[in-house]
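What follows is each chain in one-letter form.
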Amino acid sequence: MATKDCVKVAVRVRPFNKREKEAGGRCIISISANNLAIQDPRNQQSWRTFTFDFAYWSHSGFVRNTDGLFLPEETGGRYADQASIFEGLGQGLLENAVQGYNATLLAYGQTGSGKSYSMVGNGPNKGLVPTFCHRLFQFIKSHQDSRQCQVFFSMLEIYNEQVIDLLSKTSRSPGGLRVREEQHRGFYVEGLRKVPCESAVQVERLMEQGTRTRTTAATRMNTNSSRSHMLIIVQLKQIFSKECITKQSNINLVDLAGSERQRSSGSEVDRLKEGTAINLSLTTLGNVISALADVSLGKKAVHIPYRDSILTKLLQSALGGNSRTVMIATVSPADICYEESISTLRYAERAKRIQNKAVVNKGPTERLVKELKAENARLLLRLSRLDQEGRQTDQETKELRRLLTHNELQIRAIQTLWEQHLQEALKDWETQYTNITQERRMVQMYPYMLNVNEDAQLSGVIKLFIQEGNWDVGLEDSSPKSIPLRGLGIQKRHAIFSNQQHRVTVTPVSGSKVTVNGIPITQKTELQHLDRLILGSNNTYLFIGFPTDRATDDWSRFDYDYFQSELAAAEGIHLHSLCAKQDQRPVQSNPSLLAAFYDYIRLMPMVAEANQMSQELNKGVEFNLEIKNLAMSDSKGHDLEKEIAVRVTCVERKQVWMWSKAKFINRKFLMEELYQQQAEVGEGADMPPLSREKDPFWDPLEPLHLGSAHLWLQSLPFHIPVEEQVEVVGSEGTEEAMLQIQLVPCHPTGLPLGEDDILIDPTELLGKRLDFQLVMDRCCGLRWLREARNRGVQIGFQMFDCPQPLYTPAMWHNANPLLQHRVQFTALNTSPALLNYLQNSALVLQLWGLQEGCSDIVICLNGVMVTPEDSIIIDTAAISENMAVDSAGSELNPSLQALQEDLEQLKSSNVALRKENRALREQLGASGLSGALSLLSARGVDSGRGCRERRSSLRTSCDAQLARALKVFYHSMTSVRGQLLRLQRHRPSEDADLLGLRLFVDEHAHLLKDFGEQLEQCVSVLKQEVATIVRRKRDKSGGWS
Ligand SMILES: Nc1ncnc2c1ncn2[C@@H]1O[C@H](COP(=O)(O)OP(=O)(O)OP(=O)(O)O)[C@@H](O)[C@H]1O
Ligand SMILES: [Mg+2]
């Protein structure tokens, strides 16, 4: 009978990894009983709680014993080690399996969160799969009197919707194995190797073999293992001879692909997104889980999209079907992984609702044995009856005996098939065992290169021994003195390794890429123990020296990240250069900056691979990583976020594209597919031409964002015009152009306001009409045009709440184009929000590059309102007061915070000055009045007009003086702001060794000093001016009395 039960869900939090530790990561997860709480690192008051069937804390409270086992610090401690994970999840799985239920265990989580560690384990810390097999064989041994058991083991990988048999002895068939469907059996992989096993050791060897196949395939085919799903299928058959029943269960153990979510900022739609199976299986799994969760909530007629991917086909019974299923969701504890962890937890929460209907399975083959045995029993009964009745004939007995023997043979044949398979498997295993012992011997004799993979599970699997003499390493393996190596960017003869007189050297063959410790080499180079080698675009190896050179050092620190960080450092990219580390103290971790750094080193090898594929497929495009500084597009210039983008250049035609991280990853995957197709067709053979629309290396040309400039608006609320020359800065800090620009406060008709219209107190504007013009005069020194003349530019800007960005007309073929572009804006009823915006923000002017073949940016005026004079109306919405509250301050790192404080000081002195001005005006008003009164009494009423004129002319001239002083002040403030921006952008120099850092600190201090002095000067000039005005007014008013 079917039992109904929900998918059981466990969550596990791993220790910090090296990256997180280095970055001073903060643990944002806590666990209590079965509840997990996670804190939003950007809002520390915000916690979310999730409840699961099991919640495992493997983050802290552990020690490593002499065998390398991770155990709780004290007995009964909260640390969940591998054994307690097995007791919680594996034991139940085993019980279900031996009862004859199908059982499934899925590991889900972001890349590097501990899926494989939980499933497979690491060294002595064995994971669920090996322990499960170990316990299974223990169970079989202790129950061998009551039943006969058969265990079959299969291991497969799903990559890009292709099934690869990891235990197959023959080479991989193009397109992978087929998944078929049968009515009774459901979906299954046709021709998948099922290896009979008798012991846990045998299973472990098979897993090793599978991992090796996975590693070589990943290197050869240039694929990324964390994007593939690994599925282990253990089939258990139990034959209960006495009871004449058999039970069969399929146990699926699934290590899913990394569930990387694309960062929302980079998830714009790619035109080739549709055709991509980048993680079709994982996406479909999510859809299936969601649909099943809906069903459990009582929704009817929900379509469950099992058939949409290979993985969900194979897991159909595990999800909502005949299986008892457990999911382990693994998460990182670190603040930088918050987004990913939340997404994993939500996924797991949905999976909890899935209901399965498991039954005990009986297989058809055993039914046959049972029927044959029953027939034999009947035949024997007949024989004995005939015997008793004494009426048997020779003929009859012979026939019955023949039937009996035939049936026995058939039964034996069915049962011995298993024995035969087992013998074959044992023979295989022996050969493998010999190979393994031989490898162990060689490790003790020769230096070798050990593979390092992005996936820790696949690292250290391949060893390339360098015995005495010269060895050709490359694709060719015709000579006996060659070490075959396949992979992207590997030449036929790639490099010569030589082992002579206890020295190992590497010499690249001309034109091939060899990097040692992050530096490309072209000449013979001697290798030292633990040197890092990259051959071709991304074949990473750690050189292990002669046994005598090997100390008991820990090699594990030379992981994939180490290799990539070393390469990045050679390019001048350090974590510090992004995070501005101060005083050698840990960085006050800024999750987005760290994420940018790790994005960079993660994308770096992918970019190298894409370049190699482009070269081999003659695509003529080049890829380069860029770090985009988002402060460039922030109207306050505060945003410290960085984003990684990929610049794509067609060298010949000088065309440029900018791809987001998400788009690049998507395209890289399609490039791999194309590259593999070419490899399968064979070198030299021509593939059918690919239409441009389907070519992952191509995109229609689009305007390219070149950089931005900030025009501070603070003088506008005083009705003071501004004339500026602003620098357009590219996302990497390059000067892209200079822009001559004006902001002109004006009358509704467009006529500029005069000096007399200058306001002393901007709040006077509130509720009144404000008109001003933005005039772009000229753009000078356009780098984009200097590089290639057949290009153009447009400048875009979005003023306050204007619903659309506005653009200048396109200007082509001129590096210093005259713009003369004028736009008028009107606020009919100036709101506090607009005033705040003008006082504290800058207008961001975006420079767009046009290229031949791409169309101009069209201005869209949807929702834009205009006055009868064609002025664009802004400040239309009621905008909440708190918009102006700048929350970015809390995230600024210390030095910037200091700057922020300076700015605040400046603002408060500004406020004080304004107060002083107001007081002054009041004083003026009062003295004017008293003067008028005395004049009135002395000269009579008629002369009143002349006195009023004099009084107002005095006030006007003082106001004008004050306004001029303010104008000078705000003008100099713009340059102070510029200095602040420069400081924000200022990062340690690229080769930031200790000396470099010192220089940087000196320079930084210098800039800060400059900034302080400029600031000081601005304020003191203003104070002096104000003092002079006050003095003059006192003098003059003294003259009247
Ligand atoms: N609970 C844990 N205790 C100690 N180390 C762990 C734990 N979980 C994971 N690790 C370590 O973290 C690293 C990454 O883990 P693992 O390879 O299991 O990640 P993964 O989720 O399988 O990633 P991928 O999706 O790339 O395959 C490994 O070096 C592993 O040893
Ligand atoms: Mg893994």
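Scope of this entry: the structure provided in the associated data block. This structure is a prediction, so every number in the text was calculated from the model and none was measured.

## Quick look at the overall build of the chain
- If you tally the helices and strands in the chain, you get 19 helices and 44 strands.
- Counting only residues that meet the buried cut, the chain has 51% of its 1041 residues in that class.
- Within the chain, residue pairs in contact and separated by at least 24 positions form 70% of the contacts whose partners lie at least 6 positions apart.
- Accessible area of the chain: about 49,300 Å², with a carbon and sulfur share of 50%.

## Some thoughts on the nonpolar core
- If you look at the biggest cluster of nonpolar residues, it comprises 50 residues, and the most contacted ones within it are Leu36, Ile38, Leu156 and Leu319.
- If near-sequence neighbours (up to four positions away) are discounted, Leu156 is found in contact with Val163, Ile164, Leu166, Val189, Leu192, His229, Met230, Leu231, Ile233 and Leu314.
- Counting 48 residues, the second largest nonpolar core, distinct from the first, contains Leu713, Cys802, Leu835 and Val864.

## Things to note about the sheet that holds strand E27 (residues 514–516)
- In space, the six strands of this open sheet follow the order E22-E21-E31-E30-E27-E28, with antiparallel pairing throughout. Each edge of the open sheet is held by one strand with a lone partner, namely strand E22 (463–465) and strand E28 (519–520).
- Across four bridges, the pairing between strand E21 (residues 448–451) and strand E31 (residues 539–544) is antiparallel. Note that in E31 the partner of Asn451 across the bridge is Tyr541.
- Sheet strands touched by helix H11 (residues 560–570): E27, E28, strand E30 (532–535) and E31. Its angle to E30, the strand with the most contacts, is close to 80°.

## Observations regarding the sheet that holds strand E29 (residues 525–526)
- Strand order in the open sheet made by the five strands is E24-E23-E25-E26-E29, with mixed pairing throughout. Edge positions in the sheet fall to strand E24 (482–484) and E29, since each has one partner strand and no second.
- By the bridge criterion, three bridges tie strand E23 (residues 469–474) to E24 in an arrangement that is parallel. Along E24, the bridge assignment pairs Val473 with Ile483.

## Focus on the site of ligand 1
- Around ligand 1 sit 17 residues in total, of which Thr111, Gly112, Lys115, Ser116 and Tyr117 are the nearest.
- Between ligand 1 and the protein, one listed contact pairs an oxygen atom with a backbone N or O atom of Gly112 at 2.7 Å.
- Here an oxygen atom of ligand 1 and a side-chain polar atom of Lys115 are 2.7 Å apart.
- With the chains in place, 85% of the 640 Å² that ligand 1 exposes on its own is no longer accessible.
- Among the elements that line the shell around ligand 1, the one with the most residues is helix H3 (residues 115–119), at three residues.
- Classifying every residue of the shell around ligand 1 by side-chain character gives three nonpolar, ten polar and four charged.

## Regarding the environment of Ser323
- With respect to the element layout, Ser323 can be found in the loop between helix H7 (310–314) and strand E19 (324–331).
- In this structure the C-alpha to C-alpha distance between Ser323 and Tyr101, which are 222 residues apart in sequence, comes to 6.4 Å.
- Those residues in contact with Ser323 that sit more than four places away from it in its chain are Asn102, Ala103, Thr104, Ser317, Ala318, Asn356, Lys357 and Ala358.

## Observations concerning the pairing of strand E38 (residues 770–780)
- By the criterion of burial, E38 is predominantly enclosed, with nine of the eleven residues buried.
- The pairing of strand E37 (residues 735–746) with E38 spans nine bridges and is antiparallel. Of the residues in E38, the one forming a bridge with Gln742 is Val775.
- Here eight bridges tie E38 to strand E42 (residues 818–827), and the two strands are oriented antiparallel to one another. Counterpart to Met776 in the pairing with E42 is His821.

## Digging into helix H8 (residues 338–351)
- Its 14 residues place the ends of H8 20 Å apart at the C-alpha level, agreeing with the 20 Å of an ideal helix rising 1.5 Å per residue.
- Those residues of H8 lying buried are Tyr338, Glu340, Ser341, Ile342, Ser343, Thr344, Leu345, Tyr347, Ala348 and Ala351.
- If you follow the buried residues of H8, they end up packed against strand E2 (8–13), strand E4 (35–40), strand E5 (43–51), strand E9 (103–109), helix H6 (280–296) and E19.

## A short note on the pattern of salt bridges
- The tally for this structure, following the rule as stated, stands at 29 salt bridges.
- For Asp559, the salt bridge is made with Lys18, and the minimal N-O distance between the two is 3.2 Å. With Asp559 in the loop between E31 and H11 and Lys18 in helix H1 (residues 18–22), this residue pair connects regions lying 541 residues apart in the sequence.
- For Lys18, a relative accessible area of 31% translates into the label partly exposed.

## A few points about the environment of Val326
- Relative to the helices and strands, Val326 is located in strand E19.
- In this view, Val326 contacts Lys8, Leu89, Thr104, Leu105 and Leu106; residues no more than four positions away in its chain are not counted.

## Looking at the packing of aromatic side chains
- According to the stated counting rule, one finds 14 aromatic pairs in the structure shown.
- Ring centres of Phe623 and Phe697 lie 6.2 Å apart, and the angle between their planes is 50°; this geometry places the pair in the tilted category. Pair noted here: Phe623 is in strand E32 (residues 621–629) and Phe697 is in the loop between helix H14 (661–681) and strand E35 (704–712), with a separation of 74 residues, a long-range link.
- Note on Phe697: relative accessible area 3%, which makes it buried.
- Through successive ring pairs, a cluster of aromatic residues spans Phe623, Trp659, Phe664 and Phe697.
- Sitting over the ring of Trp659, Arg667 keeps its end group 4.9 Å from the ring centre.

## What about the packing of H6 against H8?
- Where H6 meets H8, the axes come as close as 8 Å, and the angle between the chain directions of the two elements is 45°. Viewed along their axes, H6 and H8 adopt a mutual orientation that is oblique. H6 and H8 meet at a crossing whose hand is left-handed. Contact with H6, carried on its side by Leu282, Leu285, Gly286, Ile289, Ser290 and Ala293, involves Tyr347, Arg350 and Ala351 of H8 and no other residues of that element.

## Brief notes about the packing of helix H2 (residues 82–99) against helix H4 (residues 128–142)
- Interaxial distance between H2 and H4 falls to 10 Å at its minimum, and their mutual angle equals 45°. One element, H2, and the other, H4, form an angle in the oblique class. Seen from above, H2 lies across H4 with right-handed handedness. In this structure, H2 uses Ile85, Phe86, Glu87, Leu89, Gly90, Gln91, Leu93, Leu94, Ala97 and Val98 to contact H4, whose residues at the interface are Leu128, Thr131, Phe132, Arg135, Leu136 and Phe139.
- Residue classes in the contact of H2 with H4 are distributed as eleven nonpolar, three polar and two charged.

About the cut-offs
Residues numbered from 1 in each chain as written. Chains lettered and ligands numbered in written order. Predicted model: local features only at pLDDT ≥ 70, side-chain atom pairs only at ≥ 80, totals over all residues. Heavy atoms only, no water. Helix = DSSP H or I, 4+ residues; strand = E, 2+ residues; numbered from the N terminus. Buried < 20%, exposed > 50% of the residue type's maximum accessible area, 1.4 Å probe, protein only. Contact = heavy atoms within 4.5 Å. Areas by Shrake-Rupley, 256 points an atom, 1.4 Å probe, with all protein chains shown as cover. Core = buried A, V, L, I, M, F, W, Y, C linked by side-chain atoms within 4.5 Å. Pairing = 2+ DSSP bridges. Axes fitted to C-alpha atoms, helices over the stretch in contact; angles between N-to-C directions. Near = heavy atom within 4 Å. Polar contact = N/O pair within 3.5 Å; in protein donor to acceptor, adjacent residues only side chain to side chain. Nonpolar A, V, L, I, M, F, W, Y, C, P; charged D, E, K, R; others polar. Expected span 1.5 Å × (residues − 1). Salt bridge = Lys/Arg side-chain N within 4 Å of Asp/Glu carboxyl O. Phe/Tyr/Trp six-rings, centres within 6.5 Å; stacked < 30°, edge-to-face > 60°. Lys NZ or Arg CZ within 6 Å of the ring centre and 35° of its normal. Parallel < 35°, antiparallel > 145°, perpendicular 65-115°, else oblique. Left-handed = near helix turned anticlockwise from the far one by under 90°.

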